[in-house]
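# Observations on the three-dimensional arrangement
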Amino acid sequence: MAAPEIILHHYDTSPFSEKVRVMLGIKGLSWRSVIQPVIMPKPELVPLTGGYRRIPVLQIGADVYCDTQAILAEIEARHRKPNVIKGADCAVNLWADRLFFQATVAVVFGEIGEAVPAEFIADREKLSGRPFDIAAMKAAAGPMQAQWRAHAAWIERGLASNDFLGGSTPSLADVAAYMNVWWLGRAAPGVAAALLDGLPKTVSWRERMKALGHGRRTDMTGAEALEIAQISTPAATPSSDPADPSGLKPGDAVTVRADDYGRDPIEGRLVSVSPERITIARDAGELDLIHVHFPRVGYLLTGA
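## Structural notes on the overall build of the protein chain
Check the secondary structure of the protein chain and you find ten helices and ten strands. On C-alpha atoms alone, the protein chain measures out to a radius of gyration of 19 Å, which is about the 19 Å that the 2.2 N^0.38 rule sets for 304 residues. Seen through its principal axes, the protein chain has C-alpha atoms that stretch 55 × 45 × 40 Å. In the protein chain, of all internal contacts separated by at least 6 residues, the share reaching a separation of at least 24 is 70%. Entry remark: accessible area of the protein chain is about 13700 Å², with carbon and sulfur atoms responsible for 56%. With 32 positive and 35 negative side-chain charges, the protein chain shows a separation of 4 Å between the mean positions of the two kinds.

Encoded structure:
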């Protein structure tokens, strides 16, 4: 039997989706692309995830992976060569996802904020649970540009003796940091050029990362992806960690939610929990059983 296809639910301007696309490029993998809406509603995504609406989402058969932490770890586990996740990469990934990304958001929307549609602003306010204040972002753009350049200078230092942050070949650290450089360059190229001025190693590294490509992409509809989930069986999961501090056991009714933004509760039955991952099972209405996977870091697991 052929291995199930890699299906990425994403949209082309999504910075976090770019992380996954670059990972697929490094691995030289073929994958199916399902373009999801930038804002709600997402009627062909939430039946898979149980309500999780952040992008990207990875689907392999009836297994659904939420958050790039879980997505990239699963790609690495299934396709080990070339090795991408090395050493303390996961900690670097968290820096890039949160501290560096916060600076990138402020700089991007401080530059393009007046052109952002009202519908997008309303959607992101619901997602984050706080005002999406373009005026505040514009006011903060100057100081945050200085912060962004300081983060980029860390990249420059990390490239002192190698082509990539991970050494002679790209690692998760490169993928995570590149997301921020890619997004600023796409959204505000003039600002990106100014902030990278005097950082020649970072500029050259950006071109090497771009050249890695995105693997072999072919399109798929959301309806086709839902049908695949319906006819598939979830993969076996590792045993649950008996020492997990939550005290929850497989079979318990649980709720999972992010600890930063997009905190919509996802309910299901606990399949397993480890220091790396939470897996829940859902009876997805018209769909058969689906396993939904979340990272342990950054997600709160509680009894339902």
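## Details of the packing of aromatic side chains
Taken as a whole and assessed by the stated rule, the structure comprises twelve aromatic pairs. Aromatic side chains phenylalanine 120 and phenylalanine 132 sit 6.0 Å apart centroid to centroid with 80° between the ring planes, which places their arrangement in the edge-to-face category. Taken together, the residues span a long stretch of sequence, with phenylalanine 120 in helix H5 (residues 118-128) and phenylalanine 132 in the loop between H5 and helix H6 (134-158) at a distance of twelve residues. The same class applies to phenylalanine 120 and to phenylalanine 132, which are both buried. Judged by centre distance (5.6 Å) and plane angle (40°), the ring pair of phenylalanine 294 and tyrosine 299 falls under tilted. As far as burial versus exposure is concerned, phenylalanine 294 and tyrosine 299 are alike and both buried.

## Focus: the nonpolar core
Judged by nonpolar contacts, the single largest core of 55 residues is most densely connected at Leu58, Ile75, Phe109, Trp148, Ile155, Leu184 and Trp205. It is helix H7 (residues 172-187) that provides the largest number of residues to this core, a total of ten residues. In this structure, isoleucine 75 is in contact with Val20, Met23, Leu24, Lys27, Leu29 and Leu58, ignoring residues within four places of it in sequence.

## What to know about the packing of helix H1 (residues 15-27) against helix H4 (residues 89-112)
For the pair H1 and H4, interaxial distance at closest approach is 12 Å and the crossing angle is 155°. Considering the angle they form, H1 stands roughly antiparallel to H4. Where H1 crosses over H4, the handedness of that crossing is right-handed. Each of Pro15, Phe16 and Lys19 in H1 lies in contact with H4, whose residues at this interface are Asn93, Asp97 and Phe101. By residue class, the composition of the contact of H1 with H4 is three nonpolar, one polar and two charged.

## Remarks on the pairing of strand S9 (residues 289-295)
Taken across its seven residues, S9 has six buried, putting it largely inside the fold. In this structure, strand S4 (residues 63-66) lies alongside S9, joined through three bridges in parallel fashion. For tyrosine 65, the partnering residue across the bridge sits in S9 and is histidine 293.

## Observations concerning the side chain of glutamine 36
By the element assignment, glutamine 36 lies in the loop between strand S2 (30-35) and helix H2 (46-49). What makes glutamine 36 buried here is its relative accessible area of 3%.

## Remarks on unusual backbone geometry
For the bond from methionine 40 to proline 41, the omega torsion is 5°, close enough to zero to count as cis. In the segment running from isoleucine 55 into proline 56, the intervening peptide bond is cis, with an omega of 10°. Along the chain, the position of proline 56 falls in the loop between H2 and strand S3 (57-60). One non-glycine residue, aspartate 67, lies in positive phi territory at about 80°. Note that aspartate 67 resides in the loop between S4 and helix H3 (68-78).

Thresholds, definitions, all that
- As a convention, each chain's residues are numbered from 1 in the sequence order in which they are written.
- For a predicted model such as this one, the threshold for reporting local features is a pLDDT of at least 70, and the threshold for listing and counting side-chain atom pairs is 80 or more; totals across whole chains, interfaces and linings nevertheless cover every residue.
- The side-chain quantities take in all heavy atoms of the structure and omit both hydrogens and water.
- Starting at the N terminus, helices and strands are each numbered in turn, a helix being any DSSP run of H or I of at least four residues and a strand any DSSP run of E of at least two.
- Radius of gyration means the value over C-alpha atoms here, while the globule rule gives 2.2 Å times the residue count to the 0.38 power.
- Residues count as neighbours in contact if any of their non-hydrogen atoms are within 4.5 Å of one another.
- The protein chains shown are the only cover counted for residues, whose accessible areas, like all others here, come from Shrake-Rupley with a 1.4 Å probe.
- When charges are counted, Lys and Arg are positive and Asp and Glu negative, with His and the chain ends excluded.
- Charge positions are represented by NZ for Lys, CZ for Arg, CG for Asp and CD for Glu.
- Aromatic contacts are taken between Phe, Tyr and Trp rings whose centres are within 6.5 Å, Trp giving its six-membered ring; a plane angle under 30 degrees counts as stacked, one over 60 as edge-to-face, and the others as tilted.
- Burial classification: accessible surface area is computed with a 1.4 Å probe over protein chains only, and a residue below 20% of its type maximum counts as buried, one above 50% as exposed, and the rest as partly exposed.
- Here, the term nonpolar core denotes a set of buried Ala, Val, Leu, Ile, Met, Phe, Trp, Tyr and Cys residues that are joined through side-chain atoms within 4.5 Å.
- To define axes, lines are fitted to C-alpha atoms, for helices over the stretch in contact only, and angles between the resulting N-to-C directions are given on a 0 to 180 degree scale.
- For classification, angles of less than 35 degrees are called roughly parallel, those exceeding 145 degrees roughly antiparallel, those between 65 and 115 degrees roughly perpendicular, and all remaining angles oblique.
- Rotating anticlockwise by less than a right angle from the far helix to the near helix defines a left-handed crossing, while the corresponding clockwise rotation defines a right-handed one.
- Polar here means any residue outside two lists: the nonpolar Ala, Val, Leu, Ile, Met, Phe, Trp, Tyr, Cys and Pro, and the charged Asp, Glu, Lys and Arg; Gly therefore counts as polar.
- Note on pairing: two strands pair once DSSP finds at least 2 bridges between them.

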